[in-house]
Amino acid sequence: MSTATSDSRELRNALGRFATGVCVVTTRASDGRQAALTINSFCSVSLDPPLVAWYLGTRAPSLPVFRQAGHFAVHVLSAGQQELAGHFATPAEDKFAPLAERVQPGLGGVPILVDALARFECRTSELTTYGDHVMVLGHVERFSYGSDAPLLFHAGRFFEHRPAA
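Predicted model, so just to flag it, every value in this text is computed and none were measured.

Enquirer: Could you clarify how one ought to interpret the overall build of the chain in this entry?
Expert: A count of helical and extended segments in the chain gives 3 helices and 12 strands. For the chain, the C-alpha radius of gyration of 16 Å lies close to 15 Å, the compact-globule estimate for 165 residues. Sequence-distant contacts, at least 24 apart, represent 62% of the contacts inside the chain between residues at least 6 apart. Carbon and sulfur atoms make up 54% of the accessible area of the chain, which amounts to about 9800 Å² in all. Charge centroids of the chain, computed over 14 positive and 15 negative side chains, lie 3 Å from each other.

Enquirer: Before we go on, may I ask you to explain the nonpolar core in this structure?
Expert: A general trend in soluble globular proteins is that nonpolar side chains are found buried together. One finds Val25, Trp54, Phe66, Phe72, Val74 and Phe120 to be the most contacted residues of the largest nonpolar core, which totals 22 residues. Counting residues per element, the ones that place at least two in this core are strand 2 (23-28), strand 3 (34-39), strand 5 (50-57), helix 2 (63-68), strand 6 (71-76), strand 9 (118-130) and strand 10 (133-145). Non-local contacts of Trp54, meaning those with residues more than four positions away in its chain, are made with Val25, Leu37, Ile39, Ser41, Phe42, Phe66, Phe72, Val74, Val134, Met135 and Val136.

Enquirer: Hey, could you run me through the environment of His161 in this one?
Expert: In this structure, His161 sits in the segment after strand 12 (157-160). Overall, the relative accessible area of 39% leaves His161 in the partly exposed class. Look past the residues within four positions of His161 in its chain and what remains in contact with it is Ala149, Pro150 and Leu152.

What counts and what doesn't
- Residues numbered from 1 in each chain as written.
- Predicted model: local features only at pLDDT ≥ 70, side-chain atom pairs only at ≥ 80, totals over all residues.
- Heavy atoms only, no water.
- Helix = DSSP H or I, 4+ residues; strand = E, 2+ residues; numbered from the N terminus.
- Rg over C-alpha atoms; globule rule 2.2 N^0.38 Å.
- Contact = heavy atoms within 4.5 Å.
- Areas by Shrake-Rupley, 256 points an atom, 1.4 Å probe, with all protein chains shown as cover.
- Lys, Arg positive; Asp, Glu negative; His and termini not counted.
- Charge placed at Lys NZ, Arg CZ, Asp CG, Glu CD.
- Core = buried A, V, L, I, M, F, W, Y, C linked by side-chain atoms within 4.5 Å.
- Buried < 20%, exposed > 50% of the residue type's maximum accessible area, 1.4 Å probe, protein only.

Here you go:
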């Protein structure tokens, strides 16, 4: 077992041992600009009121759009959607252009991915900076979900869910 105290690469490696789901977050600013990115930092905060949170790096090119937006949507990806995760993790001028048939408008005009495993359409409640990330807190206004297996991320790689024996 590796032990380190201050090496940020080693800390990232250690944090990567926590398996997470894979999500795509989308938004639209009041000026019409759209943004989307792949994350694995999504969590439930409260059921009453219904609140969720996720984290965005302070150097992310999409941060200004998320700061201006009044709504966002978190899309939980299902097993087999690694290509979609990679698509939204890659910088591009218009990430939605090649996916027109898979996107529809949601609350606040936010782009919605119609084939996600679960979707949470949220009103932005708060953005708070902690270190090198911004926590985005949202009030869930509408949600939906399916029953497929989730896409997982662990130690820098995608995995598909298998129930334990």
